[in-house]
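# Coordinate analysis (summary)
This is what each chain is made of:
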Amino acid sequence: MKLYGSLTSPFVRHCRMVAMETNADIEFIEIDASTSAVKSPTKRMPFFEDGELFLSDSSAIVRYLRECAGQSFCSSVIELDQLCLVNTLLEVTTNLFFLQRDGITGEGSPYIERQKARLESILEIINGFELPTQAPYSDVQLRLASYMGWSLLRNMQSFDKYPNIKIFYQGIQSYPPFAQTQPPTT
Ligand SMILES: N[C@@H](CCC(=O)N[C@@H](CS)C(=O)NCC(=O)O)C(=O)O
């Protein structure tokens, strides 16, 4: 199995944590955006290979790793919907980050304003979830922590208005798969 991605991508981090949790026999190949632009049809990372199998999305990769280890992935509709909510946070925030890097901040764009507004409404909902302060963590929670770590690293989101989420984030700091996949700060 080969997982391709960067050490900073939150989508890749979720896969790396699951690879650790499932003891997957996996080779991590560090790449940058120029490689994903050529090697994946989505032009995004992560992507994954296992023999003939090629996967181009982190959720599919996580599900595959879980299933290889005899574990389930989002077994209820509610859990899948929660994962989609967290995923929307991640997709919106990473897209806003890349737009900002191109000098596009969104002032005057109703669509970009709507993107920002959905971040706050989703965070409010997630702040109402029952979130653990120690392992085991579900895939919804691993993805939430990856999103938070990346947003804080890139100064893209403050969580001061969401005390429950902040307590959850404090707790997961000492979880080995999370601690060992900390993105480099330089
Ligand atoms: N739905 C994809 C999203 C992956 C994604 O957006 N990755 C970012 C890295 S953090 C990326 O490669 N962005 C480059 C781009 O959007 O051009 C997944 O879950 O794997």
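What you see is a predicted model, and the numbers here were worked out from it, not measured in a lab.

With respect to spatial proximity, the complete set of residues near the ligand consists of S9, P10, F11, K43, R44, M45, P46, D57, S58, E91 and F98. The separation between a nitrogen atom of the ligand and a polar side-chain atom of D57 is 2.8 Å. E91 is positioned such that a nitrogen or oxygen atom in its side chain is 2.7 Å from a nitrogen atom of the ligand. Surface burial for the ligand is 83%, taken as the share of its 510 Å² of free accessible area covered by protein chains. In the shell around the ligand, the residues fall into five nonpolar, two polar and four charged.

Reports often express the size of an interface as the amount of accessible area lost when the parts come together. The domain boundaries assigned to the chain delineate domain 1 (2-68) and domain 2 (77-180). Just the C-alpha atoms count here: the centres of domain 1 and domain 2 sit 20 Å apart. Each side of the interface is counted separately: domain 1 has 15 residues, and domain 2 has 19 residues. Sorting the residues of domain 1 by area buried against domain 2 places P10, F11 and M17 first, and these three jointly supply 35% of that buried surface. Between domain 1 and domain 2 we count two salt bridges in total. For the pair domain 1 and domain 2, the interface holds eight residue pairs in polar contact (both at pLDDT 80 or more).

The full count for this structure, using the stated rule, is six salt bridges. Note that E67 and R63 form a salt bridge whose closest N and O atoms lie 2.7 Å from each other. Taken together, the positions of E67 and R63, both in helix 3 (residues 58-68) and four residues apart, correspond to about one turn of that helix. Exposure remark for E67: the relative accessible area of 44% places this residue in the partly exposed category. In this structure, the salt-bridge partner of K161 is E120, at a minimum N-O distance of 3.3 Å. Of this pair, K161 sits in the loop between helix 6 (139-153) and helix 7 (163-172) while E120 sits in helix 5 (residues 110-127), and the two are 41 residues apart along the sequence. When salt bridges with common partners are traced through the structure, they connect E21, R66 and D139 into a single cluster.

Basis of the calculations
Residues numbered from 1 in each chain as written. Predicted model: local features only at pLDDT ≥ 70, side-chain atom pairs only at ≥ 80, totals over all residues. Heavy atoms only, no water. Near = heavy atom within 4 Å. Polar contact = N/O pair within 3.5 Å; in protein donor to acceptor, adjacent residues only side chain to side chain. Areas by Shrake-Rupley, 256 points an atom, 1.4 Å probe, with all protein chains shown as cover. Nonpolar A, V, L, I, M, F, W, Y, C, P; charged D, E, K, R; others polar. Domains from an automatic or database assignment. Contact = heavy atoms within 4.5 Å. Buried area = accessible area lost by both parts, 1.4 Å probe. Salt bridge = Lys/Arg side-chain N within 4 Å of Asp/Glu carboxyl O. Helix = DSSP H or I, 4+ residues; strand = E, 2+ residues; numbered from the N terminus. Buried < 20%, exposed > 50% of the residue type's maximum accessible area, 1.4 Å probe, protein only.

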